[in-house]
Amino acid sequence: SQYFQHYYITNNLRMSIISSGSHVVFLNSKTGEQKCVRLPRNTDVYVKPLSFQADSLVGQRFGQKYQVVKHQLVKVEEAPSSLNEPSEHCGKTNEFIKDDSATQNLSQNDIEAMKAKGITGDEIVRNLVENSTSFNVKTEFSKAKWLKKKIGKYQPNIIVKKPSIRLFSSSNISKLRPDILAKIMNNANVWSGSKAIVVECKDDLLTSAVSQRVGDNGTVVQIFEQKLPHTMYCKWLDFSKQHMETALKYYPIKFLAKLRPNVEEGNCDGSDLANDESTDQPQELGKRKRDAKPVNFEDYVTVYEQLKTGNFDSLVISAFYDPFPVLELLWDSLRFSGNLVIHSEYLSVVVECANFVNNKGCSELSVVDQWFREIQVLPGRTHPAMRMQTGGGFILSCTKIREGIYEHGSDSPILPELKEAPKPAEAMT
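Below you will find a few notes about this structure. Since the model is a prediction, treat every value here as computed from it, not as a measurement. (Residues numbered from 1 in each chain as written. Predicted model: local features only at pLDDT ≥ 70, side-chain atom pairs only at ≥ 80, totals over all residues. Heavy atoms only, no water.)

**Brief notes about the pattern of salt bridges**
Turning to step 1, where the next piece is worked out: Taken as a whole and judged by the stated rule, the model has 3 salt bridges.
Turning to step 2, where the next piece is worked out: Arg 177 is the partner of Asp 179 in a salt bridge, and the nearest nitrogen-oxygen pair spans 2.8 Å. Across this residue pair, the class does not change: Asp 179 and Arg 177 are buried.
Turning to step 3, where the next piece is worked out: Arg 335 is the partner of Asp 313 in a salt bridge, and the nearest nitrogen-oxygen pair spans 2.5 Å. Within this pair, whereas Asp 313 is found in strand β11 (residues 312-318), its partner Arg 335 is found in strand β12 (residues 334-344), the two being separated by 22 residues in sequence.
Turning to step 4, where the next piece is worked out: With relative accessibility at 24%, the residue Arg 335 sits in the partly exposed group. (Salt bridge = Lys/Arg side-chain N within 4 Å of Asp/Glu carboxyl O. Buried < 20%, exposed > 50% of the residue type's maximum accessible area, 1.4 Å probe, protein only. Helix = DSSP H or I, 4+ residues; strand = E, 2+ residues; numbered from the N terminus.)

**As for the pairing of strand β8 (residues 195-200)**
Turning to step 1, where the next piece is worked out: In terms of burial, β8 is a largely internal element, 5 of the 6 residues being buried.
Turning to step 2, where the next piece is worked out: Both β8 and strand β9 (residues 219-224) contribute to a ladder of 5 bridges, which runs parallel. Residue pairing in the sheet places Ile 197 in a bridge with Val 221 of β9.
Turning to step 3, where the next piece is worked out: Following the backbone out of β8, through helix α7 (residues 205-214) and into the adjacent parallel β9, one traces a crossover that is right-handed. (Pairing = 2+ DSSP bridges. Right-handed = clockwise from strand over helix to strand, strands pointing away.)

**With respect to the environment of Asn 28**
Turning to step 1, where the next piece is worked out: Tracing the chain through its elements places Asn 28 in strand β1 (residues 23-28).
Turning to step 2, where the next piece is worked out: Residue classification places Asn 28 among the buried positions, given a relative accessible area of 1%.
Turning to step 3, where the next piece is worked out: Along the chain, Asn 28 and Val 47 lie 19 residues apart, while their C-alpha atoms are 6.9 Å from each other.
Turning to step 4, where the next piece is worked out: In this structure Asn 28 touches Glu 33, Val 47, Lys 48, Pro 49, Leu 50, Pro 156, Asn 157 and Ile 158, once residues within four positions along its chain are discounted.
Turning to step 5, where the next piece is worked out: A polar side-chain atom of Asn 28 sits 3.1 Å from the main-chain carbonyl oxygen of Lys 48. (Contact = heavy atoms within 4.5 Å. Polar contact = N/O pair within 3.5 Å; in protein donor to acceptor, adjacent residues only side chain to side chain.)

As structure tokens, this is what we get:
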């Protein structure tokens with residue numbers, strides 16, 4: 001047990017250190033702006049509105065705060081916060097305190113003049129406290145909360161974070177909320193070493209989450225609708241070279257019609273599923289070129305054979321366009337007892353997919369609308385957040401089954417269900 005404990009501590013320590021060649025996420029505590037870069041960079045990093053050198057972070061720990069001083073990062077020793085501690089003033093309120101501009105003797109022009117003189121954020125906050133007539137009558141919790149707000153405004157820090165799926169899903173550029181992504185991953189039943197098909201547009205957040213779960217021994221096939229697959233988040237998560245070459249595979253949506261030639265041609269060419277010119281796609285690392293070369297089927301023959309054979313454990317679809325044509329083409333690639341998850345903003349297309357899988361054969365079919373709201377939980381100060389996001393869309397999930405009676409360990413039914421019951425007259429004769 002001591003060996004495993006030592007291995008666990010050593011491994012966590014190694015993973016928490018910024019190494020050369022790894023990606024790092026810089027978060028501006030004031031604006032919430034995030035930027036992921038690879039170190040060493042040899043050039044300035046710009047996180048609006050701050051610019052600084054970051055190569056000195058190699059060998060440091062993730063999660064630390066820094067202040068930008070003359071384009072250099074200076075570590076900030078954060079004092080312990082009293083916001084989460086119980087206070088004897090929990091029962092008190094500030095309802096009779098008139099906290100407006102009249103309680104502050106410093107004007108905005110005075111603050112701008114101090115900034116022009118090069119006065120640091122600490123000095124500005126100290127002057128605001130000294131010139132406030134309502135600060136001393138606030139409760140201890142209100143004082144700490146007020147100071148945290150002013151420090152974040154006049155002394156913005158750069159927080160160095162390790163790239164993660166949770167961090168990317170919480171950013172403004174993500175199309176999936178963290179709770180929606182967690183629901184999809186839970187219902188898809190993705191495990192280490194499994195095989196999964198992921199259909200998504202705009203980015204590869206869902207592909208990265210599934211790929212991280214299956215590991216190096218699994219297989220993830222991303223169905224992409226543009227001329228090049230989405231690989232932004234997969235590169236930011238620093239997957240191994242073996243994982244990027246063997247576990248991650250790509251297949252164009254325009255060639256899905258070859259999996260089922262008997263389906264109507266109008267729904268299978270991919271032209272009605274996504275529009276290359278109208279879809280606003282993020283630029284991967286600012287250098288993405290989507291017109292690099294034409295998409296040739298010969299480059300994806302190996303992936304086509306895998307999709308044609310089937311035997312995939314999970315099928316996950318999350319796209320802005322109608323998912324029904326894609327589901328119709330990829331249904332046979334999902335093995336029996338495999339899990340299907342479809343995420344869409346529109347209930348009508350989800351219901352259409354639900355009717356399709358119900359007729360084909362499925363169990364545990366469900367359609368849910370995920371609702372999410374942040375709630376502050378503190379001693380004497382528990383309340384829901386004043387702002388919240390709207391609905392995150394509808395999620396369909398089910399398990400594919402084959403109708404009939406089976407022996408233990410057999411894949412072929414003994415007594416398939418009769419599609420048409422015999423007529424009474426025919427039964428008597």
